[in-house]
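Summary of the model geometry
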Amino acid sequence: MLEFCLLVDLEPDLPQPALAPLCPIPPEKAVSFRSGPISVQVFWAAAHPFASPEDRVLSDRSGLRLLAGFPLSPEGRAIRTPAAFAPADVRQMGGDFLSLSVDPEGRVTILKSPVCSYQLYHARSGRRHVLASRAGFAAMAMGATRPEPDPEFARWACTYAIGGTTASVLRGVQTVLMNQSVVATAKGIAVTAPDFRYLSDPAMADLYRTRPRAFWDETHDRLVASTRALEFSDDPIDFPLSGGKDSRLLLAALIGTGHRGRIATVFTNGPAISPEVRSARLVCDALGLAHHRADVGPSDAMRRIDARLPMHTHLTEAEISPDTLSFGTGRQRRTELHGQEGGLRNIAHRADLTTREAVIRWFEIHLGEGDRCRMFRPGLAEQTRDEIRAYVDKALAAQILPEDIPTLHRVTFRMGRWVARTWRIYNDRWFAPYLFVDAGLIRATFNSGAMSRLREEFHFEMLRRFDRRLVSVPFAGQSWDRVLAPDDDLPTPLEWPSALDERRARPMHEAMVQQFPRVQEFFRGHSGPVTDVLLDRDRFAGLDIATMHPATYQSLWQLVQIALLERVPDLAALAGGHPATDYGLPSFAD
């Protein structure tokens, strides 16, 4: 993937930061460009089978142009180079992309898809403004050498991922949200206020109300069009299948658009008794595909945690909990598809969200009352709840229906941060387009309304159009709403065996359960500028993990990650190959 850092220096001769050591994958090529106070550093650090640095970065007398991601023309053609990228209106395009250009006079143009996986960060310090693809780039450009974690980021990360803040993991560096735009000129860099209506489309909503079949036919056409991103490469496809509604729909779309012959393997991670493994096997049986199971046992996974934790933190810039540990940076010639979504369904379930108070209360419950693990110092949970109220009020002022606000939040934050970060990690290593990260699809599900998302009508209607058999194959722990299929026998959900402790079903969960006494002992003696602000050590020492819900383990892992950042000596050290125990963190290996 392309990494870049754009600087606007309002003071002559400010030193250029040395950024290459912060690239997760050592770059094959670096390009530098300067026009007056504007300078850009670009690094090609990817193994895409369809592109080379020359395909994606142009630097000549006409200026600098770069193209990241997988843009599709309004006609559905794959746009492979910056020279071919000349849209009249990005809203008419498909795919997932970012384009940046600087002409010889220093005019900057930044275009991105309305729903975009390519993350941006910005910062300002004195006479320097920065826009970058990594928070570490922006922090180093501002003069930081040590990774100083941001307390606001840590508070949200230890509550519910980073689902309510623009703060990055590093102090002074802010995230550009999906519903914000960037304007860069020779006078500086400005980020627009969030647009709370960027998903709203009254014409779509009216079509759903008046002609639902036509609405879903058009949405199906959009889904078919999104698969054209696969044309960027003709390599065989590896497909991780959970058997759930997202992954089976993506597999059905793959086969239904003529790509069956490219499928090299369909695999599921987990033990044979896992309901996800059993569901995935039934899906493959229905489609006549071979199914493979991969099972990284708890002991093997835990042996790798100590060594891989710093790498994970570097790859993710702490935006993803080590609960989902990213193990490697090895580049391979492969294509891998994932059914990641961030707004295709309604996560509010059957909650009544017709009033401001009901929405705020739902957020508070969903976010663990602002302190999921009950480990914060006084006042911090209330600060989170205040920010929830402010977000809800801004959405309501923009005339967003109360019941749509949880989905708006999910697209903006989960898709714009967690899903986008996993997209970046995969595409640093191979080709992995997220076909559900598409503005047309997300707007369709948003404008069909909360009840439609609650019933997962999008998945039902798309599966019916691709392969009706997949509607009746059982899912792990869920089924369909009876309203969607009143005359059909609904599949009985597959569950874990009743004797199995759910907390032991995932290796990273088991690691936290087994070693939690070590974690408590570590934080009894650990001191850091963020941990000292965040953590009530007496409350933390009294936590009983046997009574904690598995959903809290993500927050506990984020706390460990913040402590690691407080202990590493410099930003590049995370990529240096040292295990976390070298920095004094507790071992999870035995």
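Figured I'd write up the structure that's included with this text. The numbers attached to residues start from 1 for each chain and follow its sequence in the written order. At least 70 in pLDDT is required for a residue's local features to be given in this predicted model, at least 80 for side-chain atom pairs to be given and counted, and no such filter applies to totals for whole chains, interfaces and linings, which use all residues. Neither water nor hydrogens contribute to the side-chain values; these are computed over all heavy atoms in the structure.

1. Some thoughts on the packing of aromatic side chains
Two aromatic rings, drawn from Phe, Tyr or Trp (for Trp, its six-membered ring), form a pair once their centres lie within 6.5 Å of each other, and the interplanar angle then sorts them: stacked below 30 degrees, edge-to-face above 60, tilted otherwise. If you walk through the whole model with that rule in mind, you get 22 aromatic pairs. When the centroid spacing of 6.4 Å and the interplanar angle of 10° are considered together, the rings of phenylalanine 4 and tyrosine 118 count as stacked. Placement of the pair is phenylalanine 4 in strand 1 (residues 2-9) and tyrosine 118 in the loop between strand 7 (108-112) and strand 8 (120-125), with a sequence separation of 114 residues. The same class applies to phenylalanine 4 as to tyrosine 118, namely buried. Under the DSSP-based scheme used, a helix requires at least four consecutive residues in state H or I and a strand at least two consecutive residues in state E, with every element numbered from the N terminus. Buried, partly exposed and exposed residues are distinguished by accessible area as a fraction of the type maximum, computed with a 1.4 Å probe on protein chains only: under 20%, between the cut-offs, and over 50%, respectively.

2. Topic: the environment of valine 42
As for its placement among the helices and strands, valine 42 is situated in strand 3 (residues 38-44). In sequence terms valine 42 and tyrosine 198 are 156 residues apart; their C-alpha atoms lie 29 Å from each other.

3. Structural notes on the sheet that holds strand 16 (residues 335-336)
When DSSP finds at least two bridges between two strands, those strands are taken to pair. One open sheet accounts for four strands, arranged 15-14-13-16; its pairing is parallel. Each end of this open sheet is capped by a strand with a single partner; those strands are strand 15 (292-294) and strand 16. Relative to the sheet, helix 6 (residues 245-256) contacts strand 13 (237-240) and strand 14 (263-269), its axis offset from that of strand 13 by approximately 155°. Residues count as neighbours in contact if any of their non-hydrogen atoms are within 4.5 Å of one another. Axis lines are fitted to C-alpha atoms, over the contacting stretch for helices. Their N-to-C directions set the angle, which ranges from 0 to 180 degrees.

4. A closer look at helix 5 (residues 212-226)
By this rule the span expected of a helix is its residue count minus one, scaled by 1.5 Å. Taking 1.5 Å of rise per residue, 15 residues should cover 21 Å, and helix 5 covers 21 Å from first to last C-alpha, within 8% of that figure. Within the span of helix 5, buried status applies to Ala214, Phe215, Trp216, Thr219, His220, Leu223 and Ser226.

5. Here we look at unusual backbone geometry
A negative phi angle is the norm for most residues apart from glycine, just as the trans form is the norm for most peptide bonds. Positive phi outside glycine occurs at glutamate 317, with the angle close to 50°. Residue classification places glutamate 317 among the buried residues on the basis of a relative accessible area of 8%. Located in the positive-phi region is glutamate 456, a residue other than glycine, with phi close to 55°. Take glutamate 456: it is sitting in the loop between helix 13 (450-454) and helix 14 (457-466).

6. Description of the pairing of strand 1
Extensive coverage of strand 1 is indicated by the burial of eight of its eight residues. Residue alternation in strand 1 divides its side chains into two sets, Leu2, Phe4, Leu6 and Val8 and Glu3, Cys5, Leu7 and Asp9, and both sets are buried. Alignment of strand 1 against strand 9 (residues 128-132), held across five bridges, turns out to be antiparallel. Bridged to leucine 6 within strand 9 is leucine 131.

7. Section: the pattern of salt bridges
A side-chain nitrogen of Lys or Arg and a carboxyl oxygen of Asp or Glu constitute a salt bridge if their distance falls within 4 Å. Overall, the coordinates contain 39 salt bridges when judged by the stated rule. In this structure, the salt-bridge partner of glutamate 3 is arginine 424, at a minimum N-O distance of 2.8 Å. Separated by 421 residues along the polypeptide, glutamate 3 in strand 1 and arginine 424 in helix 11 (residues 405-429) bring together distant segments of the chain. The residues glutamate 3 and arginine 424 share a single accessibility class, namely buried. Several salt bridges share partner residues, and in doing so they unite Arg361, Glu364, Glu369, Glu382, Arg385, Asp386 and Arg389 into one network.

8. Considerations on the sheet that holds strand 3
Spatially, 2-3-1-9-8-10 is the arrangement adopted by the six strands of the open sheet, whose pairing is antiparallel. Edge positions in the sheet fall to strand 2 (29-35) and strand 10 (174-176), since each has one partner strand and no second. Between one strand and the next, the sheet's axes are offset by a mean angle of 20°, whatever the strand orientation.

9. Thoughts on the nonpolar core
In a soluble, globular protein the nonpolar side chains are often hidden away together inside. Buried Ala, Val, Leu, Ile, Met, Phe, Trp, Tyr and Cys residues that are joined via side-chain atoms within 4.5 Å together make up what is termed a nonpolar core. Counting 119 residues, the largest nonpolar core has Phe4, Leu6, Val42, Tyr118, Leu131, Leu251 and Leu408 as the members making the most contacts within it. Broken down by element, the residue count for this core peaks at ten residues, all from helix 11. Contact partners of tyrosine 118, with chain neighbours within four places excluded, come to Met1, Leu2, Glu3, Phe4, Ala68, Asp96, Leu98, Ser133, Trp423 and Arg424. Within the second largest apolar cluster, 64 residues are counted, among which are Tyr121, Ala123, Leu325 and Leu534.

10. Here we look at helix 7 (residues 275-287)
Residue pairs three or four apart in sequence face the same way in an α-helix, which turns once every 3.6 residues. Here helix 7 contains 13 residues, and its C-alpha end-to-end distance of 18 Å stays within 8% of the 18 Å for a straight helix at 1.5 Å per residue. Every buried residue of helix 7 is accounted for by Pro275, Val277, Ser279, Ala280, Val283, Cys284 and Leu287. Check the buried side of helix 7 and you find it contacts helix 6, strand 14, strand 15 and helix 15 (469-472). Phi turns positive one or two residues past the end of helix 7, at glycine 288, with a value near 70°.

11. So, the packing of helix 5 against helix 14
In a packed pair of helices, the relevant descriptors are the angle between the two axes and the axis-to-axis distance. Close contact between helix 5 and helix 14 brings their axes to 10 Å; oriented N to C, the two are set at 75°. In terms of axis orientation, helix 5 runs roughly perpendicular to helix 14. Within the contact between the two elements, helix 5 uses Arg213, Trp216, Asp217, Thr219, His220, Leu223 and Val224 and helix 14 uses Glu457, Phe458, Glu461, Met462, Arg465 and Phe466. Polar here means any residue outside two lists: the nonpolar Ala, Val, Leu, Ile, Met, Phe, Trp, Tyr, Cys and Pro, and the charged Asp, Glu, Lys and Arg; Gly therefore counts as polar. In terms of residue class, the contact of helix 5 with helix 14 is built from six nonpolar, two polar and five charged. What sets the label is the angle itself: under 35 degrees gives roughly parallel, over 145 gives roughly antiparallel, 65 to 115 gives roughly perpendicular, and the rest give oblique.

12. Some details on the packing of helix 3 (residues 151-160) against helix 19 (residues 553-567)
Put simply, helix 3 and helix 19 touch, their axes get as near as 7 Å, and they point 150° apart. Looking at the two axes, helix 3 sits roughly antiparallel to helix 19. As helix 3 packs across helix 19, the resulting crossing turns out to be right-handed. Counting all contacts with helix 3, which are made through Phe153, Ala154, Ala157, Cys158 and Thr159, the residues of helix 19 involved are Ser555, Gln558, Leu559 and Ile562. When its residues are assigned to classes, the contact of helix 3 with helix 19 shows six nonpolar, three polar and no charged. In this scheme the crossing of two helices becomes right-handed for a clockwise turn of the near helix relative to the far one and left-handed for an anticlockwise turn of less than a right angle.

13. What about the environment of leucine 325?
Structurally, the position occupied by leucine 325 is in the loop between helix 8 (298-316) and strand 16. For leucine 325, a relative accessible area of 14% gives the class buried. Between the alpha carbons of leucine 325 and methionine 508 there is a distance of 8.0 Å; along the sequence they are 183 residues apart.

14. A few points about the pairing of strand 2
Two elements, strand 2 and strand 3, share seven bridges in a ladder whose sense is antiparallel. Counterpart to alanine 30 in the pairing with strand 3 is phenylalanine 43. The antiparallel hairpin formed by strand 2 and strand 3 contains two residues in its connecting segment, where glycine 36 sits at a positive phi of about 60°.

15. Brief notes about the side chain of lysine 112
Among the secondary structure elements, lysine 112 is positioned in strand 7. None of His or the chain ends enter the tally, which takes Lys and Arg as positive and Asp and Glu as negative. No salt bridge forms around the buried lysine 112; measuring N to O, its nearest opposite-charge neighbour aspartate 96 is 9.4 Å away. Pairs of N or O atoms are called polar contacts if they sit within 3.5 Å, as long as, within protein, a hydrogen donor faces a hydrogen acceptor (for residues adjacent in sequence, only side-chain-to-side-chain pairs). Of the polar contacts made by the side chain of lysine 112, one reaches the backbone oxygen of methionine 178; its length is 3.3 Å. At a separation of 2.8 Å, a polar atom in the side chain of lysine 112 contacts the main-chain carbonyl oxygen of glutamine 180.

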